[in-house]
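Each chain, letter by letter, is given below.
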Amino acid sequence: MTDKPILAVSSCLLGQRVRYNGDAAEFRPLTRKWGKFLKLVPVCPEVGIGMGTPRPTIRLVKTSDGITIKDPKNDIDYTSEMSEFAQIKSDYLASIGISGFVFKKDSPSCGLERVKVYRENNPQATRDGRGLFSMIFTSLYPHIPVIEEGRLTDPKQAEHFLARVHFFHQWQEIGKEGWSAEKLMDFHNENKLFLVSREPSSETELGQFITTQFEQGEHPDTVALSYMTKAQEYLSVLTKDERIAHGMERVMGKFSDRLNSDEKQELVEVINHFREGSIPRYAPMVLLNHYMNRFNLNDRSLTRFTKPVPIELGLMSRI
Ligand code: SF4
């Protein structure tokens with residue numbers, strides 16, 4: 001990979017004072033730590049449609065025509081401006097090659113889930129909406145990983161999301177000059193262990209999907225895009241420690257015949273301690289990487305599993 005992955009982020013999370021009240025909502029792990037390994041691109045849909053800062057609050061309102069986004073105080077409807085802006089901005093972000101999007105939770109423009117929706121003439125809201133901008137972005141580009149910053153406060157969620165971003169970035173880099181059946185199969189084979197450690201059924205089903213699509217004569221670029229959309233769907237659910245531990249055992253199986261009995265026992269114990277939750281993922285991964293170096297086994301199909309995100313992010317020692 002040549003460049004850092006580009007991550008679009010709700011501007012207020014990057015410390016920009018663009019919220020309705022003139023405040024920011026900086027998400028410091030992203031701006032102070034993870035951002036060193038990513039290129040961060042700010043996006044504020046409400047400023048984007050010409051609303052100033054500070055500004056009246058807007059909200060999602062369900063009408064007989066569907067979901068609208070309105071300033072209830074001044075009775076102004078921003079639905080068409082926001083819809084048009086979302087389509088143009090989403091296309092632009094995809095064209096510059098973003099590898100993910102971090103959205104501000106609870107916002108009627110940016111929130112991904114459980115956003116308040118009001119009914120006309122009813123002051124009570126239900127928490128079952130999605131921000132209008134984020135809804136349009138995710139409908140147009142379902143293969144690009146997205147998350148709200150609230151989930152990123154959990155290190156397991158953060159590691160899993162950033163692993164999805166790096167997996168996607170790798171796909172973007174390989175596909176820059178266009179896809180062929182061979183390139184896509186190589187990409188899948190390199191990521192088999194990574195995929196199976198996140199969602200066990202994904203490895204086989206994605207492999208079968210590629211084969212079927214090519215048998216039906218689909219264009220390689222079309223197959224690659226559908227492949228990534230399906231892969232990100234599998235990856236949208238957080239993995240479990242047991243699956244990661246199983247992946248570790250598969251890596252160990254590549255060199256266990258070259259370990260002496262003490263080394264073998266130590267590695268099995270360390271993996272089991274991680275599986276039981278008594279030590280972090282970092283410990284067995286360090287040992288696995290150590291043996292992979294010793295036995296010259298640094299092929300990408302293994303390192304995609306043992307180093308799915310840069311180690312310097314500090315996440316492996318917290319999960
Ligand atoms: S939540 Fe979205 S629309 Fe609201 S201030 Fe932040 S970036 Fe702008």
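1. Looking at the domain arrangement of the protein chain
And step 1. Segmentation of the protein chain into domains returns domain 1 (6–153) and domain 2 (155–319).
And step 2. Counting from both sides, the interface comprises 20 residues of domain 1 and, opposite them, 19 residues of domain 2.
And step 3. Summing both sides of the interface, domain 1 and domain 2 together bury roughly 1,600 Å²; the carbon and sulfur share of this comes to 71%.
And step 4. Sorting the residues of domain 1 by area buried against domain 2 places Trp34, Phe37 and His143 first, and these three jointly supply 36% of that buried surface.
And step 5. Counting the contacts that link domain 1 with domain 2 gives zero salt bridges.
And step 6. Taken together, the links from domain 1 to domain 2 amount to three residue pairs in polar contact (both at pLDDT 80 or more).

2. Things to note about the sheet that holds strand E8 (residues 122–129)
And step 1. A sheet is described by the order of its strands in space; here five strands give the open sequence E5-E4-E3-E7-E8, paired in mixed fashion. Edge strands, defined here as strands with exactly one partner in the open sheet, are strand E5 (76–77) and E8.
And step 2. As paired strands, strand E4 (residues 66–71) and E5 are joined by two bridges and run antiparallel to one another. Residue pairing across strands places Asp71 opposite Ile76, the latter belonging to E5.

3. Notes on the packing of helix H3 (residues 79–95) against helix H4 (residues 132–140)
When two helices pack together, their arrangement is given by the angle between their axes and by how far apart the axes lie.
And step 1. As a packed pair, H3 and H4 sit with axes 9 Å apart at the nearest point and diverge in direction by 40 degrees. As far as their axial angle goes, H4 and H3 are oblique. Handedness of the H3/H4 crossing: right-handed. Facing Thr79, Met82, Ser83, Phe85, Ala86, Gln87, Lys89, Ser90 and Asp91 of H3, the residues of H4 in contact are Leu132, Phe133, Ile136, Phe137 and Leu140.
And step 2. Across the contact of H3 with H4, the residue classes break down as eight nonpolar, four polar and two charged.

Rules behind the numbers
- Residues numbered from 1 in each chain as written.
- Predicted model: local features only at pLDDT ≥ 70, side-chain atom pairs only at ≥ 80, totals over all residues.
- Heavy atoms only, no water.
- Domains from an automatic or database assignment.
- Contact = heavy atoms within 4.5 Å.
- Buried area = accessible area lost by both parts, 1.4 Å probe.
- Salt bridge = Lys/Arg side-chain N within 4 Å of Asp/Glu carboxyl O.
- Polar contact = N/O pair within 3.5 Å; in protein donor to acceptor, adjacent residues only side chain to side chain.
- Pairing = 2+ DSSP bridges.
- Helix = DSSP H or I, 4+ residues; strand = E, 2+ residues; numbered from the N terminus.
- Axes fitted to C-alpha atoms, helices over the stretch in contact; angles between N-to-C directions.
- Parallel < 35°, antiparallel > 145°, perpendicular 65-115°, else oblique.
- Left-handed = near helix turned anticlockwise from the far one by under 90°.
- Nonpolar A, V, L, I, M, F, W, Y, C, P; charged D, E, K, R; others polar.

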